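Overview (structure and organization)
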Amino acid sequence: IKMKAGRSFIAYDSVTIVLRVLAVILLLVFFNMIAQELVDRIGFRSGFLFLLTVVFLIRLITYQVNFPLDYSKLPLFDPTIYASNFLHPSLGDLLVNAILLFWMLSFYKFHNDHKGWFKQPPPAPVRHYGGLALLTVTCLLLAGIIKSLVQDSKISMDVTSFFSLTIYSVICFVILCLLVLSFYHFSQIVVKPLTDAAVPLYYQMAAVAITGFAYLLAFVSLNDIAIDLVILAWLIAYLLLLNARKADMGIPLLQSSFFIFWVMIFTLSISAIVMYQNKVLELAQRKKIAEQLAVQTDPSGESLLNIAANSFNDRFLLSNFHRFESEYTNKFIKDSLINQNFSGYLNKYDTRIYTYDSLFHPLYNEDSTSYAAIKTIILNKSKPTAIEGLYSYDNAANGFSYLYQKAIKNNDQTLGYLYVTIKSRRYKSEALYPELFSQSQDISSDLNTSYAYAIYNRGKLINHFNNYNFPLKLTRAEMPGLDFTYKKPPGYSELWYNTGGDKEVVVVKKSAWFT
């Protein structure tokens, strides 16, 4: 192993960050003033192209080099918090891009002199319907960014859980506002020439619908088709509103007499997308929980309970068997073996070690369980697993349990026997374990208030968590079909998972008023 020179991760102090950001803002204001001067003296085209070129080059430089800051030292640019694609490798990059997009579109809208950009411009139908196609694609792309903020981030966007919100949640809301305002300006830029040219509304709607369907067929996965069709229908309705409110085309949103109306439309629309994506994400996590719970109670428990068989090898047991024959050292070595080899399962299972001599007499065990009782379970009730010496058996009172046996031999002479019993704990207060979750915005923080689960074996309840009226026994009609089934009793939503065998898992969540 050799030491390599690495990067310095010393964070910037607040004063440094503020001063450098202020310097960049002043630089951009300077370029904006130059662009305005070019608009006044030469024309809008020259001023806008200058500003667009400068901003594009500066942004390109910031992608390649650490200007004006080393972004790896700023938590806002941490890709583990949010990362989507090469354009938005972090939440900070998305915020910067949203600000620049809003700036460019605002400059275009409020400084445009509506003169032609070319001496021989394309035919009017090409400009009009091309603009509508671009508007449709832009709408679907912005909707994709909104969905990505929920899917690809560790940031809570669930406003119904106030204490789960962070400063990054506030930044996400700022980004959403900038994206909405940018879309509002862009849609007016596109639609105003159509209304001036009196393009029939049904032609506009047809162009949007055709472009939308073509985009969905070419670029959208089947899982997102439904929500994107709803967004496409929303865009057509929004196009109707734009044509009805022609007076708002050339003025800022704050000066519109329909300001409150527009704000409500955009707020409700964005909230609907975010809530839908939260619901999709939550349901996916519940499916994962159900699958993990099924694995926990899988009678072929080697996928969950891979006993450290190497710690029970013949050499170890042979050299330490004399310690089982003393009352004090017997308890000490058993406790050590349990803590070293079963520490990850102590909260899930009641683990005990039983030892017997060569004549099947107990050696200072915790209770009076006889050798014959354990051997009867192995012979009559249990099934062997893929791990040598490990058996599983189903007990209606305790759920799935495991039994591990090992004969301690010195050559051909049997010195004694060791058994390990691993029984499921069934306490009402038990919780799902943290290893079931891998994201910071998972639902584990709500388990004690909003979630409950139950596990059934052959239709009988063998385990449950939290206060919910789970039936003790399922009828054939109540048993779910294969895979996942979603039910909605009053006030709750139930996700049923049939493992394909005799196991059923149900994860229940309290329903909010809007779900």
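Being a predicted model, the structure only gives us computed values, none of them experimental. (Residues numbered from 1 in each chain as written. Predicted model: local features only at pLDDT ≥ 70, side-chain atom pairs only at ≥ 80, totals over all residues. Heavy atoms only, no water.)

1. As for the overall build of the protein chain
Rules: Only DSSP runs of H or I reaching four residues or more are called helices, and only runs of E reaching two or more are called strands; each is numbered from the N terminus. Whether two residues touch is decided by their heavy atoms; if any such pair falls within 4.5 Å, the residues are in contact. The Shrake-Rupley method, run with a 1.4 Å probe sphere, supplies the accessible areas, and residue values consider only the shown protein chains as cover.
When helices and strands are counted, the protein chain shows twelve helices and ten strands. For the protein chain, contacts bridging at least 24 residues in sequence account for 63% of all contacts bridging at least 6. Of the roughly 28600 Å² that the protein chain leaves accessible, carbon and sulfur atoms contribute 62%.

2. Things to note about the sheet that holds strand S9 (residues 492-498)
Short version of the rule: One requirement defines pairing of two strands: DSSP has to find at least two bridges between them. In this analysis an axis means a line fitted to C-alpha atoms, helices contributing only their contacting stretch, and an angle means the value between N-to-C directions, from 0 to 180 degrees.
Spatially, five strands are ordered S7-S6-S10-S9-S8 in an open sheet, and the strand pairing comes out antiparallel. Every interior strand has two partners, whereas the edge strands, strand S7 (460-465) and strand S8 (483-487), have only one. Adjacent strand axes in the sheet meet at a mean angle of 20 degrees, parallel and antiparallel pairs treated alike. Inspection of the sheet shows S8 paired to S9 by five bridges, in the antiparallel sense. When the bridges of S9 are listed, Phe484 appears paired with Tyr497.

3. Remarks on the confidence of the model for the protein chain
Here is the rule: Per-residue confidence from the predictor is reported as pLDDT, which spans 0 to 100.
Confidence along the protein chain averages 83 in pLDDT terms, with 85% of residues attaining 70 or more. A low-confidence stretch, residues 427-446 stays under pLDDT 50, and its non-local contacts, those more than four residues away or across chains, total 46 contacts.

4. A short note on a nonpolar patch on the surface
Using the following cut-off: Each patch is assembled from residues with relative accessible area greater than 30% and no salt bridge, linking like charges that lie within 9 Å and nonpolar side chains (Val, Leu, Ile, Met, Phe, Trp, Tyr) that lie within 5 Å. Salt bridges are defined as contacts in which a side-chain nitrogen from Lys or Arg sits within 4 Å of a carboxyl oxygen from Asp or Glu.
Together, Leu27, Phe30, Ile61, Val65 and Phe67 line one region of the surface with nonpolar side chains, adding up to about 420 Å² of accessible area. By secondary structure assignment, the location of Phe30 is in helix H1 (residues 14-41).

5. A word on the nonpolar core
Convention followed: Nine residue types can take part in a nonpolar core, namely buried Ala, Val, Leu, Ile, Met, Phe, Trp, Tyr and Cys, and a core is a set of them joined through side-chain atoms within 4.5 Å. Burial classification: accessible surface area is computed with a 1.4 Å probe over protein chains only, and a residue below 20% of its type maximum counts as buried, one above 50% as exposed, and the rest as partly exposed.
Among the nonpolar cores identified, the biggest contains 55 residues, and Leu91, Ile175, Phe183 and Tyr238 are the most heavily contacted of them. When residues no more than four places from it in sequence are discounted, the contact partners of Tyr238 are Phe183, Tyr184, Ser187, Trp262 and Phe266. Core analysis: the next-biggest nonpolar cluster, separate from the first, contains 17 residues, Phe324, Ile333, Leu337 and Ile387 among them.

6. Looking at the pairing of strand S6 (residues 451-457)
In regular strands, side chains alternate between the two faces of the sheet. Counting buried residues in S6 gives seven out of seven residues, a clear majority hidden from the surface. The two faces of S6 match: Tyr451, Tyr453, Ile455 and Asn457 on one face and Ala452, Ala454 and Tyr456 on the other face are all buried. Relative to strand S10 (residues 503-510), S6 runs antiparallel, the two being bridged by seven bridges. If you follow Ala452 over to S10, its bridge partner there is Val508. Two elements, S6 and S7, share five bridges in a ladder whose sense is antiparallel. Paired with Tyr456 across the two strands is Leu461, which belongs to S7. Hairpin connection between S6 and S7: a loop of two residues separates the two successive antiparallel strands, and Arg458 in this loop has a positive phi of roughly 55 degrees.

7. A look at the environment of Leu318
Position of Leu318 among the secondary structure elements: in helix H9 (residues 314-324). Sequence separation between Leu318 and Leu415 is 97 residues, and the spatial gap between their C-alpha atoms is 8.3 Å. With sequence-adjacent residues up to four places away left out, Leu318 is seen in contact with Ile408, Lys409, Asn410 and Leu415.

8. Thoughts on the packing of aromatic side chains
Applicable threshold: Stacked, tilted and edge-to-face pairs are distinguished by plane angle, under 30 degrees for stacked and over 60 for edge-to-face with tilted covering the rest, among Phe, Tyr and Trp rings (Trp via its six-membered ring) whose centres lie within 6.5 Å. Criterion for a charge above a ring: Lys NZ or Arg CZ within 6 Å of the ring centre, and within 35 degrees of the ring normal.
Under the defined criterion, the tally for this structure stands at 31 aromatic pairs. Each ring, one from Trp262 and one from Phe266, has its centre 6.3 Å from the other, and the planes form 25 degrees; the classification is stacked. Taken together, the residues span about one helical turn, with Trp262 and Phe266 both in helix H8 (residues 259-296) at a distance of four residues. A single burial state applies to Trp262 and to Phe266, both of which are buried. Measuring from ring centre to ring centre gives 4.8 Å for Tyr468 and Phe470, while their planes differ by 65 degrees; the resulting arrangement is edge-to-face. Accessibility assignment for this pair places Tyr468 and Phe470 in one class, buried. By the ring-pair criterion, three or more aromatic residues cluster together here, those being Phe183, Tyr184, Trp234, Tyr238, Phe258, Phe261, Trp262 and Phe266. Across the ring face of Phe258, the terminal group of Arg245 is positioned such that the distance to the ring centre comes to 3.8 Å. It is Lys287 that lies over the ring of Phe484; its NZ or CZ is 5.3 Å from the centre.

9. Some details on helix H5 (residues 167-196)
Quick reminder of the rule: Expected helix span is taken as 1.5 Å per residue step, with the number of steps being one fewer than the number of residues. Note that the bend at a residue is defined as the angle between axes fitted to the seven residues ending at it and the seven residues starting at it.
Compared with the 44 Å implied by 1.5 Å per residue over 30 residues, the 44 Å span of H5 between its first and last C-alpha is a close match. Maximum bend of H5: about 30 degrees, positioned at Val190, with proline Pro193 one to four residues after it.

10. Some remarks on the pairing of S9
Judged by how many residues are buried, S9 sits mostly within the fold: six of seven residues are covered. Counted between consecutive antiparallel strands, the loop separating S8 from S9 contains four residues, among which Gly491 sits at a positive phi close to 85 degrees. By the bridge criterion, seven bridges tie S9 to S10 in an arrangement that is antiparallel. Paired with Glu494 across the strands is Val508, a residue of S10.

11. Concerning the environment of Asp248
To keep things clear, this is the line we draw: A 3.5 Å cut-off defines polar contacts: any pair of N or O atoms within that distance qualifies, except that in protein one atom must be a possible hydrogen donor and the other a possible acceptor, and neighbouring residues in sequence count only when both atoms are side-chain atoms.
Mapped onto the elements, Asp248 comes out in the loop between helix H7 (222-244) and H8. The class for Asp248 is buried, based on a relative accessible area of 1%. Sequence-wise, Asp248 and Gln188 are 60 residues apart; in three dimensions their C-alpha atoms are separated by 8.5 Å. Aside from chain neighbours lying at most four places away, what touches Asp248 is Lys109, Tyr184, Gln188, Ser256, Phe258 and Trp262. Engagement of the side chain of Asp248 in a polar contact is seen with the side chain of Arg245, the distance being 3.1 Å.

12. Digging into helix H6 (residues 201-219)
Taking 1.5 Å of rise per residue, the 19 residues of H6 would be expected to cover 27 Å, and the 27 Å separating its terminal C-alpha atoms lies within 8% of that figure. Those residues of H6 that fall on the buried side of the exposure criterion are Gln204, Ala207, Val208, Ala209, Thr211, Gly212, Tyr215 and Leu216. Buried residues along H6 sit against helix H4 (124-151), H5 and H7.

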